[in-house]
Amino acid sequence: QVQLVESGGGLVQAGGSLRLSCAASGSTFSNYAMGWFRQAPGKEREFVAAIRSFGGYTYYGDSVKGRFTIYGDNAKSTVYLQMNSLKPEDTAVYYCAAHESMDGIVFVQNYKYDYWGQGTQVTVSS
């Protein structure tokens, strides 16, 4: 079992930056791939970014490429999402998620993830 706790959400003006954190506990961090998803009101949950915990390969959704960066700190069992050049359309609840990845595979589909955090609200004002 993996427990995930997000932090770092808040209100920011368009063009600003935020960094989200996701602290993992309960299992060996390097055995998992970590992802960030987001869900705006009335919309489906959307893939944002993912990383292979032990190798650092990263993947991004098209809407955030070039603006968001995902990275991890294995010593702290924490994954971060640095969000720059934020836009009002980035407003959503952001969720951290994890799935086992003993072979290094990283999924972008939300139904492949077994563990989820409680979510943190990000609001970008225009």
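The following paragraphs examine the structure supplied in this document. The model shown is predicted, which means the values in this text are computed figures rather than measured ones.

Cut-offs and rules
Residues numbered from 1 in each chain as written. Predicted model: local features only at pLDDT ≥ 70, side-chain atom pairs only at ≥ 80, totals over all residues. Heavy atoms only, no water. Helix = DSSP H or I, 4+ residues; strand = E, 2+ residues; numbered from the N terminus. Rg over C-alpha atoms; globule rule 2.2 N^0.38 Å. Buried < 20%, exposed > 50% of the residue type's maximum accessible area, 1.4 Å probe, protein only. Contact = heavy atoms within 4.5 Å. Core = buried A, V, L, I, M, F, W, Y, C linked by side-chain atoms within 4.5 Å. Phe/Tyr/Trp six-rings, centres within 6.5 Å; stacked < 30°, edge-to-face > 60°. Lys NZ or Arg CZ within 6 Å of the ring centre and 35° of its normal. Pairing = 2+ DSSP bridges. Axes fitted to C-alpha atoms, helices over the stretch in contact; angles between N-to-C directions. Salt bridge = Lys/Arg side-chain N within 4 Å of Asp/Glu carboxyl O. Polar contact = N/O pair within 3.5 Å; in protein donor to acceptor, adjacent residues only side chain to side chain.

Counting its regular elements, the protein chain contains 0 helices and 11 strands. Counting helices and strands in the order they occur from the N terminus, the protein chain gives β-β-β-β-β-β-β-β-β-β-β. Against the globule reference of 14 Å for 126 residues, the protein chain gives a C-alpha radius of gyration of 13 Å, in line with a compact fold. Burial status across the protein chain gives 44% buried among its 126 residues. In the protein chain, 58% of the contacts between residues at least 6 apart in sequence involve partners at least 24 apart.

Right, let's talk about the nonpolar core for a bit. Membership of the largest hydrophobic core comes to 29 residues, with the highest contact counts inside it found for Leu4, Met34, Trp36, Leu81, Met83 and Tyr94. Secondary structure elements with two or more residues in this core: β3 (18–25), β4 (32–39), β5 (46–52), β7 (68–73), β8 (78–83), β9 (92–100) and β11 (120–125). Other than its neighbours up to four places away in sequence, Leu4 contacts Cys22, Ala23, Ala24, Met34, Cys96, Ala97, Ala98, Tyr115, Trp116, Gly117 and Gln118. Among the nonpolar cores identified, the runner-up in size contains 7 residues, and Phe37, Phe47, Ala97 and Val106 belong to it.

Take the packing of aromatic side chains next. Enumeration according to the criterion identifies 7 aromatic pairs in this entry. Centroid distance Phe37 to Tyr113: 5.0 Å. Interplanar angle 80°. Geometry classified as edge-to-face. In this pair, Phe37 is assigned in strand β4 and Tyr113 in the loop between β9 and β10 (115–116), connecting sequence segments 76 residues apart. With respect to class, Phe37 is no different from Tyr113; both count as buried. Aromatic rings pair up to connect Phe37, Phe47, Tyr95, Tyr113 and Trp116 into one cluster. Of note, Arg45 hangs over the ring of Tyr95, and the distance from its end group to the ring centre comes to 3.9 Å.

On the basis of which strands lie adjacent, the open sheet formed by 4 strands has the order β1-β3-β8-β7 and antiparallel pairing. With partners counted over all chains shown, the strands left at the sheet margins are β1 (3–7) and β7, one partner each. Sheet twist, expressed as the mean angle between neighbouring strand axes with direction ignored, is 15°. Of the pairings in the sheet, the one linking β7 to β8 comprises 6 bridges and is antiparallel in character. Bridging from a neighbouring strand, Gly72 pairs with Val79 of β8.

One pass over the structure, following the stated rule, counts 4 salt bridges. The residue Glu46 makes a salt bridge to Arg38 at a minimum N-O spacing of 2.8 Å. Owing to a relative accessible area of 31%, Glu46 belongs among the partly exposed residues under this scheme. Salt bridges linked by common partners bring Arg38, Glu46, Arg67 and Asp90 together as one network.

With respect to the helices and strands, the residue Thr78 is situated in strand β8. For Thr78, the side chain forms a polar contact with the main-chain oxygen of Lys76, separated by 2.9 Å. With near-sequence residues (within four places) excluded, Thr78 lies in contact with Ser21, Cys22, Ala23, Phe29, Tyr71, Gly72 and Asp73.

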